[in-house]
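Descriptive structure summary
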Amino acid sequence: MTAIETMLPRTLKAARDERHWTETEAAERLGMSQSYLAMLEKGQRKVTPRLAAKFKSVYGLRPTVLPTSDEFIPRVPVTNEEFVNEVSALGYPGFAYLKARVKERNPAETLVEALSQASLESRVVEALPWLLLTYWDMNLGWLVREAKLNNLQNRLGFVESLAEEVSGRSGSTDEQRNRAFRELRNMLEKSRLAQEDTFLKPVNSEVEREWLRKNRSDQARHWNLLTNWRSEHLQYDRWHE
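Described in the following lines is the structure provided in the data block. It should be emphasised that the depicted structure is a prediction, and the values quoted were computed from it without experimental measurement.

**Things to note about the overall build of the chain**
From N to C terminus, the chain includes 13 helices and four strands. Over its C-alpha atoms the chain spans a radius of gyration of 19 Å, differing by no more than 12% from the 18 Å that the globule rule assigns to 241 residues. Across the 241 residues that make up the chain, the buried fraction comes to 46%. In the chain, once contacts between residues fewer than 6 apart in sequence are set aside, the share between residues at least 24 apart is 73%. Counting every atom, the chain has about 12,600 Å² of accessible surface; 49% of that belongs to carbon and sulfur.

**Digging into helix α4 (residues 49–59)**
Looking only at α4, the buried set comprises Leu51, Ala52, Phe55, Lys56 and Tyr59. The buried residues of α4 occupy an angular sector of 140° when the element is viewed end-on, so they sit on one face. Exposed side of α4, more than 90 degrees from the buried face: Arg50 and Ser57 are the residues found there. Positive phi shows up at glycine 60, right after α4, with a value of about 70°.

**A few points about unusual backbone geometry**
For the peptide bond that leads from valine 76 to proline 77, omega is -5°, which places it in the cis range. Here proline 77 is to be found in the loop between β2 (68–69) and α5 (80–89). Positive phi outside glycine occurs at histidine 20, with the angle close to 60°. Here histidine 20 falls in the exposed class, since its relative accessible area comes to 69%. Here the phi dihedral of asparagine 224 falls at roughly 55°; this positive angle occurs in a residue that is not glycine. Of note, asparagine 224 is situated in the loop between α13 (218–222) and β4 (225–226).

**Regarding the side chain of glutamine 117**
Note that glutamine 117 resides in the loop between α6 (107–115) and α7 (122–125). At a separation of 2.9 Å, a polar atom in the side chain of glutamine 117 contacts the main-chain amide nitrogen of valine 78. Glutamine 117 has contacts with Arg75, Val76, Pro77, Val78, Phe83, Arg155 and Leu200, leaving out every residue within four places of it along the chain.

**Examining the pattern of salt bridges**
Counted under the stated rule, the structure contains 25 salt bridges. With a closest N to O distance of 2.8 Å, lysine 56 and glutamate 104 form a salt bridge. Residue lysine 56 is found in helix α4, and its partner glutamate 104 is found in the loop between α5 and α6; the two are separated by 48 residues along the sequence. On the basis of relative accessible area, lysine 56 is assigned to the buried category, the value being 14%. Under the relative-accessibility criterion, glutamate 104 is labelled partly exposed at 40%. The residue glutamate 196 makes a salt bridge to arginine 213 at a minimum N-O spacing of 3.0 Å. Remark: arginine 213 occurs in helix α12 (residues 206–215) and glutamate 196 occurs in the loop between α11 (175–189) and β3 (197–198); sequence separation between them is 17 residues. Residue arginine 213 is classed as partly exposed on the basis of its relative accessible area, which comes to 25%. One network of salt bridges, in which partners are shared, links Arg75, Glu82, Glu86, Arg105, Glu109 and Glu113.

**Remarks on the environment of tyrosine 97**
Here tyrosine 97 shows up in the loop between α5 and α6. Linking tyrosine 97 and tyrosine 59, residues 38 residues apart in sequence, is a C-alpha distance of 26 Å.

**Some thoughts on the environment of tryptophan 130**
If you trace the backbone, tryptophan 130 turns up in helix α8 (residues 127–134). For the pair tryptophan 130 and glutamine 34, spaced 96 residues apart in sequence, the C-alpha separation works out to 38 Å. Contact partners of tryptophan 130, with chain neighbours within four places excluded, come to Val87, Leu90, Gly91, Tyr92, Pro93, Tyr135 and Tyr236.

**Focus: the packing of aromatic side chains**
Scanning all chains against the criterion turns up seven aromatic pairs. Here the aromatic rings of tyrosine 92 and phenylalanine 95 are separated by 4.9 Å at their centres, their planes lie at 75°, and the arrangement is edge-to-face. The pair formed by tyrosine 92 and phenylalanine 95 is uniform in burial state, with each residue classed as buried. Considering the side-chain rings of tryptophan 130 and tyrosine 135, the 6.0 Å spacing of their centres and the 90° angle between planes classify their relative orientation as edge-to-face. The pair tryptophan 130 / tyrosine 135 is uniform in exposure class, with both members buried. Within the aromatic cluster, the residues linked to one another by ring pairs are Tyr92, Phe95, Trp130 and Tyr135. The cationic tip of arginine 29 hangs over the ring face of tryptophan 21; the distance from NZ or CZ to the ring centre is 4.1 Å.

Definitions and limits used
- Chains are numbered independently. Their residues run from 1 in the order of the written sequence.
- In view of the model being predicted, local features appear only for residues whose pLDDT reaches at least 70, and side-chain atom pairs are presented and counted only at 80 or more, with totals across whole chains, interfaces and linings using the full set of residues.
- For side-chain calculations, the full set of non-hydrogen atoms in the structure is used, while hydrogens and water are omitted.
- Helix and strand labels come from DSSP, where a helix needs a run of H or I of at least four residues and a strand needs a run of E of at least two; each type is numbered from the N terminus.
- Throughout, radius of gyration means the C-alpha value; the globule benchmark is 2.2 Å times the number of residues raised to the power 0.38.
- Exposure is judged per residue with a 1.4 Å probe applied to protein chains only, and the accessible area is read against the type maximum: over 50% gives exposed, under 20% gives buried, and values in between give partly exposed.
- In this analysis, two residues are considered to be in contact whenever any of their non-hydrogen atoms come within 4.5 Å of each other.
- Surface accessibility follows the Shrake-Rupley procedure with a 1.4 Å probe radius. Residue values consider only the protein chains on display as shielding.
- Throughout, the arc means the angular range of directions from the helix axis out to the C-beta atoms.
- Two N or O atoms count as a polar contact when they lie within 3.5 Å, although within protein this holds only if one can serve as hydrogen donor and the other as acceptor, and sequence-adjacent residues are included solely when both atoms are side-chain atoms.
- We count a salt bridge whenever a side-chain nitrogen from Lys or Arg sits within 4 Å of a carboxyl oxygen from Asp or Glu.
- Here the aromatic set is Phe, Tyr and Trp, taking the six-membered ring for Trp, and pairing holds for ring centres within 6.5 Å; pairs whose planes are under 30 degrees apart are stacked, those over 60 apart are edge-to-face, and all others are tilted.
- A ring is scored as having a charge over it whenever the NZ atom of a lysine or the CZ atom of an arginine sits within 6 Å of its centre and within 35 degrees of its normal.

What follows is the structure in structure tokens.
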């Protein structure tokens, strides 16, 4: 399985410069030669997944720099506990009481895999908009491509709308994040599905289906989803992000 490099040479040099480390100092911390680090920073050598994890740890980079697979196949089903551990490892305050020990992973993969499930517990669903709020610098091209390959663009679009509403409610002035939200929304809008879908919870009767159609939010209606989730259910603006 091959991987898409998200850790670009300029990322490595910028991270080193930010820490005011010379090539020799950084190479010593990384456990490699100065000449090899120089080649990585110039793009003359490939940053493997193992090296990406090493750079992330030593430089204190965000997990969005970790490679994503270009042959990604979401696991279905995945248990709620597995998602709880993954999101906890990514710093979700709602699971701060846990000490998750899981392999480091790009949050974009966690998000796509979660959206692929037929059903998830509310505590996990609540964490999904937080992933976008916190890791807005995900590789949007990869994220949208995988959503389209798995017919998840409506679910992802709805999660984006929840994240954007929470961001607006908290009075966010993070223009980079706001720009990423707009870009993601526009990319998904072009491939919005007309087919009605549920949102991580089965609808077991026609009565329930009709109730959701009448009482869902405007955003859920726009994305053709049967769900009663609303941004008011999310209290991230009370947390320190």
